[in-house]
Amino acid sequence: MWPKSITAFFGGLALSVSIMLSLYLLLPLAIDIKLLIGLIAGFLIWVGAMVYYYSYNSAKASSIACIKLLLLSAAVNTFLFLTK
């Protein structure tokens, strides 16, 4: 149970930061509004990702799902960063 919890905690945190970076690069708003949206949405995404990862039966399946989503989000971040 602890390995699955640790994977959910840190994997959810990394995914939340990665998705919020993509959102930060896409939103054409003022910096203070982006920070507020990032704070609120980042927490909600983190909680949702933790619940999603924790729903798997094993820590291995949870970490594989985490890695897949992180790779997808990192690819989107790289594309957005290089095109701006």
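Whatever comes next refers back to the structure up there.
What counts as what
- Residues numbered from 1 in each chain as written.
- Predicted model: local features only at pLDDT ≥ 70, side-chain atom pairs only at ≥ 80, totals over all residues.
- Heavy atoms only, no water.
- Helix = DSSP H or I, 4+ residues; strand = E, 2+ residues; numbered from the N terminus.
- Buried < 20%, exposed > 50% of the residue type's maximum accessible area, 1.4 Å probe, protein only.
- Contact = heavy atoms within 4.5 Å.
- Core = buried A, V, L, I, M, F, W, Y, C linked by side-chain atoms within 4.5 Å.
- Expected span 1.5 Å × (residues − 1).
- Phe/Tyr/Trp six-rings, centres within 6.5 Å; stacked < 30°, edge-to-face > 60°.
- Lys NZ or Arg CZ within 6 Å of the ring centre and 35° of its normal.

1. Brief notes about the overall build of the protein
Move 1: Each helix and strand in the protein was counted, giving three helices and zero strands.
Move 2: Secondary structure elements of the protein occur, N-terminal to C-terminal, as α-α-α.
Move 3: On the principal axes, the C-alpha backbone points of the protein span a range of 40 × 25 × 15 Å.
Move 4: Taken over 84 residues, the protein has a buried fraction of 26%.
Move 5: For the protein, restricting intrachain contacts to residue pairs at least 6 apart in sequence, the fraction spanning at least 24 positions comes to 74%.

2. A look at the nonpolar core
Move 1: Core analysis: the largest hydrophobic core is formed by six residues, namely Ala-8, Leu-15, Ala-49, Tyr-53, Ala-65 and Cys-66.
Move 2: Breaking this core down by element, the ones donating at least two residues are helix 1 (2-26), helix 2 (31-54) and helix 3 (59-83).

3. So, helix 3
Move 1: Taking 1.5 Å as the rise per residue, helix 3 with 25 residues should run 36 Å; its terminal C-alpha atoms sit 36 Å apart, in good agreement.
Move 2: Looking only at helix 3, the buried set comprises Ser-62, Ala-65, Cys-66, Ser-73, Asn-77 and Leu-80.
Move 3: Summarising the contacts, the buried residues of helix 3 are in contact with helix 1 and helix 2.

4. Examining the side chain of Ser-16
Move 1: In this fold, Ser-16 is placed in helix 1.
Move 2: What Ser-16 contacts, discounting residues up to four positions off in sequence, is Gly-42, Ile-45 and Trp-46.

5. A closer look at the packing of aromatic side chains
Move 1: Summed over all chains, the structure comprises five aromatic pairs.
Move 2: Ring geometry for Phe-9 against Phe-10: centres 5.0 Å apart, planes inclined by 90°, an arrangement best described as edge-to-face.
Move 3: Among the aromatic residues, ring-to-ring pairing joins Phe-9, Phe-10, Phe-43 and Trp-46 into one connected group.
Move 4: The side chain of Lys-4 reaches across the aromatic face of Tyr-54, ending 4.7 Å from its centre.
Move 5: For the cation-ring pair, Lys-34 lies above Tyr-24, with the distance from its terminal atom to the ring centre recorded as 4.5 Å.

6. A look at the environment of Lys-34
Move 1: Inspection of the secondary structure puts Lys-34 in helix 2.
Move 2: Taking the C-alpha atoms as reference, Lys-34 lies 13 Å from Val-17; in sequence the two are 17 residues apart.
Move 3: Setting aside chain neighbours within four positions, we find Lys-34 in contact with Tyr-24, Leu-27 and Leu-29.

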